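# Summary of the model geometry
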Amino acid sequence: MMKLKSVLQVLIAAVVVFGAMGGAHAVLAQTDEPVVVVRDLTYWDATYTGYVDENRHEKWPVVFTQAEDFKVTASPTGAGLTTLIRLLDESGSEIASSSGMLISSQPAGNYFVMVEPETGSGFYDLTIRREEVTSTDPSSATTADPGSVKVGESSVVSVSLANVPAEGYTSAEFTCTYDAAVVEVSNIVVTDLFGADSAAAINGPANGSFIVAVAGSNGNRATTDGTVFTFNATGLQVGETTITCVARVSQGDNVLTEVPSTSATLTVVDTTTDVEICDDGIDNDGDGLVDSDDPDCQIAGDSTLTGQVLAGKTVTVSLYDDTDALVTSVTAESDGTFSVMAPAGTYKVVATAAGFLSAEASATLTADATTTLSAVTLLAGDIDGNNVIDQFDAMTIGMSYNASDPAAADLNNDGVINVLDLELLAANYRLTGPIVWP
């Protein structure tokens with residue numbers, strides 16, 4: 001390999017020498033600037049051999065199809081050469097420069113890596129590698145722990161500030177959004193990052209968004225990185241939601257400045273998948289775990305509730321105990337059928353679908369038995385979810401006419417909000433819910 005490399009270097013040197021001899025007079029007659037030779041840079045992590053001297057510089061085109069963090073090195077292969085790397089934009093303007101190694105982060109686009117001799121001349125090895133660049137700019141991040149929950153389970157979401165400047169922030173405002181059909185937000189708690197007695201204002205949550213504003217009191221401010229607040233995100237139905245909290249900060253100058261914000265993704269999975277019976281000594285779900293060693297185990301004696309809910313939309317069936325606490329929930333199949341397991345007992349069963357009046361039943365489940373509810377049809381028109389179909393729901397159709405959002409107003413689920421949805425609403429006008437589920 002080394003012998004082949006030496007031969008290659010000799011060939012490149014010969015090309016450089018003979019090229020210079022053939023065109024030396026023409027070049028000297030026109031300019032004293034070095035010749036810039038455009039090379040071909042094709043692959044990440046590959047090593048390319050180049051040659052530079054005072055009369056020859058080399059330019060390597062680079063195309064990023066997405067934003068990239070990267071490191072470029074131009075390492076001399078012999079004594080007598082130190083390299084200078086310049087990063088140029090598509091027009092040839094310099095973005096950054098560094099001796100021997102250059103680390104940068106750039107958006108998608110066309111660029112050039114220019115290699116010049118800082119001192120001396122000779123061969124060098126060029127590489128370009130992806131490398132995470134640690135930002136020192138102020139930012140905000142949203143994280144969910146865990147990143148995947150079952151229907152009815154909760155993830156703790158934390159919203160934090162990073163790279164807080166030495167002078168700190170006197171206040172911060174966070175506007176958070178999420179898919180309200182997939183998760184429910186509750187228990188918003190502000191930490192003491194802005195001081196033990198900070199002032200906080202919370203607006204919402206409602207319709208998939210909420211605002212948290214916090215300000216230090218008595219001269220306190222946030223001067224370190226850390227979590228500003230946390231909240232619970234409880235899975236309502238199978239799906240995935242992006243939780244984004246956009247941050248704006250103030251340094252006491254009556255100006256709010258938005259800082260870059262990183263979102264979290266939370267996945268909600270079905271409670272009925274991969275169930276292991278805890279006390280039968282058998283690996284029922286084939287995951288190599290048995291009984292209490294399996295976190296997916298289902299305690300023997302649990303019951304099954306089945307039924308069918310018709311709505312033409314995705315239906316969620318939820319079970320609540322006698323304190324109205326959510327026990328579990330499941331997303332019905334496309335034909336409205338569902339099956340959900342829970343410990344024996346009496347539950348309030350609620351079926352919901354976006355844009356429809358909910359249905360409610362009482363069900364007593366018996367240990368190791370299946371209870372089946374009668375089929376029920378939800379009534380279309382409750383777009384704002386207050387269990388009343390009225391002129392306010394009709395107004396939403398009017399304001400969203402020929403659009404597809406909000407999805408709750410697309411009652412026939414055909415992708416467009418129009419008079420056909422109004423027709424369904426009108427058939428149930430002035431009705432209230434929850435409707436009785438026999």
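Residues numbered from 1 in each chain as written. Predicted model: local features only at pLDDT ≥ 70, side-chain atom pairs only at ≥ 80, totals over all residues. Heavy atoms only, no water.

## Side note on the overall build of the protein chain
- A tally of helices and strands in the protein chain yields three helices and 34 strands.
- Burial status across the protein chain gives 39% buried among its 438 residues.
- Sequence-distant contacts, at least 24 apart, represent 66% of the contacts inside the protein chain between residues at least 6 apart.
- Roughly 22,300 Å² of accessible area belongs to the protein chain as shown, and the carbon and sulfur atoms make up 53% of that amount. (Helix = DSSP H or I, 4+ residues; strand = E, 2+ residues; numbered from the N terminus. Buried < 20%, exposed > 50% of the residue type's maximum accessible area, 1.4 Å probe, protein only. Contact = heavy atoms within 4.5 Å. Areas by Shrake-Rupley, 256 points an atom, 1.4 Å probe, with all protein chains shown as cover.)

## So, the layout of surface pockets
- Taken as a whole, the largest pocket spans an internal volume of roughly 1,400 Å³.
- Elements supplying a minimum of two residues to the lining of the largest pocket: strand 14 (183-190), strand 15 (199-206), strand 25 (316-320), strand 28 (345-352) and strand 29 (355-356).
- Here the residues of the lining of the largest pocket are counted per class, giving 19 nonpolar, 14 polar and seven charged. (1 Å grid on protein atoms, 1.4 Å probe; cavity = no way out; pocket = protein on both sides within 12 Å on 5 of 7 lines; lining within 4 Å. Points joined across faces, edges and corners; volume = space filled by probe spheres on them. Nonpolar A, V, L, I, M, F, W, Y, C, P; charged D, E, K, R; others polar.)

## Focus on the confidence of the model for the protein chain
- On average, residues of the protein chain carry a pLDDT of 83, and 84% of them reach 70 or more.
- Every residue in residues 1-31 is under pLDDT 50, and counting partners more than four places away or in other chains gives 17 contacts. (pLDDT = per-residue confidence, 0-100.)

## A look at the nonpolar core
- With 35 residues, the main nonpolar core has L305, V309, V317, F338, L378 and W437 as its most contacted residues.
- Of all the secondary-structure elements, those providing two or more residues to this core are strand 24 (303-310), strand 25, strand 27 (337-342), strand 28 and strand 30 (359-365).
- Here the element with the most residues in this core is strand 30; it accounts for four residues.
- Each residue touching F338, except ones within four places of it in the same chain, is listed here: L305, T306, G307, Q308, V309, V317, V330, A332 and W437.
- Residues F174, Y178, V183 and F231 belong to the second largest nonpolar core, which totals 34 residues. (Core = buried A, V, L, I, M, F, W, Y, C linked by side-chain atoms within 4.5 Å.)

## Concerning the sheet that holds strand 12 (residues 154-162)
- Spatially, the five strands line up as an open sheet ordered 14-17-12-10-20, and their pairing is mixed. Only two strands of the sheet have a single neighbouring strand rather than two, namely strand 14 and strand 20 (261-262).
- In the sheet, strand 12 pairs with strand 17 (residues 226-235) via eight bridges, with the strands oriented antiparallel. Bridging from a neighbouring strand, S155 pairs with A233 of strand 17. (Pairing = 2+ DSSP bridges.)

## Details of the pairing of strand 3 (residues 56-64)
- Bridge count for strand 1 (residues 35-38) against strand 3 is four bridges, and the pairing is parallel. Pairing of V36 across the sheet is with H57, part of strand 3.

## Focus on the state of the cysteines
- The tally for this structure, following the rule as stated, stands at one disulfide.
- What pairs with C176 in a disulfide is C245, and their sulfur atoms sit 2.1 Å apart. A torsion of 115° about the S-S bond marks the disulfide between C176 and C245 as right-handed. Taken together, the residues span a long stretch of sequence, with C176 in strand 13 (residues 171-177) and C245 in strand 18 (residues 239-250) at a distance of 69 residues. With respect to class, C176 is no different from C245; both count as buried. (Disulfide = S-S within 2.5 Å.)

## A look at unusual backbone geometry
- With an omega of 0°, the peptide bond between D405 and P406 qualifies as cis.
- Note the cis peptide between G433 and P434, where omega equals 0°.
- For P434, the location among the structural elements is in the loop between helix 3 (419-427) and strand 34 (435-436).
- Positive phi, normally seen in glycine, also occurs at N402, with a value near 70°.
- Look at N402 and you get exposed, because its relative accessible area is 58%.
- At N413, a residue that is not glycine, the phi angle is positive and equals roughly 60°.
- Relative to the elements of secondary structure, N413 occurs in the loop between helix 2 (391-399) and helix 3.

## Points about the sheet that holds strand 9 (residues 122-130)
- An order of 2-9-4-7 is seen for the four strands of this open sheet, with the pairing classed as antiparallel. Edge positions in the sheet fall to strand 2 (48-52) and strand 7 (101-106), since each of these pairs with one other strand and no more. The mean angle between the axes of side-by-side strands here comes to 25°, regardless of whether they run parallel or antiparallel.
- Two strands pair when backbone bridges link them, and strand 4 (residues 68-76) and strand 9 are joined in this way by seven bridges, in the antiparallel orientation. Bridge pairing in strand 9 links K71 to R129. (Axes fitted to C-alpha atoms, helices over the stretch in contact; angles between N-to-C directions.)

## Here's the deal with the packing of helix 2 against helix 3
- The interhelical angle for the contact between helix 2 and helix 3, taken along N-to-C directions, is 175°, at an axis separation of 10 Å. Relative to helix 3, the element helix 2 is oriented roughly antiparallel. The residues of helix 3 that touch helix 2, namely those facing D393, A394 and I397, are D421, L422 and L425.
- By residue class, the composition of the contact of helix 2 with helix 3 is four nonpolar, no polar and two charged. (Parallel < 35°, antiparallel > 145°, perpendicular 65-115°, else oblique.)

## Some thoughts on the packing of aromatic side chains
- Taken as a whole and judged by the stated rule, the model has ten aromatic pairs.
- Relative to F231, the ring of F210 lies with its centre 5.1 Å away and its plane at 80°, an arrangement referred to as edge-to-face. Remark: F231 occurs in strand 17 and F210 occurs in strand 16 (residues 209-215); sequence separation between them is 21 residues. You'll find F210 and F231 in the same group, each marked buried.
- Grouped by ring-pair contacts, the aromatic residues F174, Y178, F210, F229 and F231 constitute a single cluster.
- The ring of F112 has K59 lying over it, and the distance from NZ or CZ to the ring centre is 4.5 Å.
- Above the ring of Y320, the side-chain terminus of K348 is found at 5.4 Å from the ring centroid. (Phe/Tyr/Trp six-rings, centres within 6.5 Å; stacked < 30°, edge-to-face > 60°. Lys NZ or Arg CZ within 6 Å of the ring centre and 35° of its normal.)

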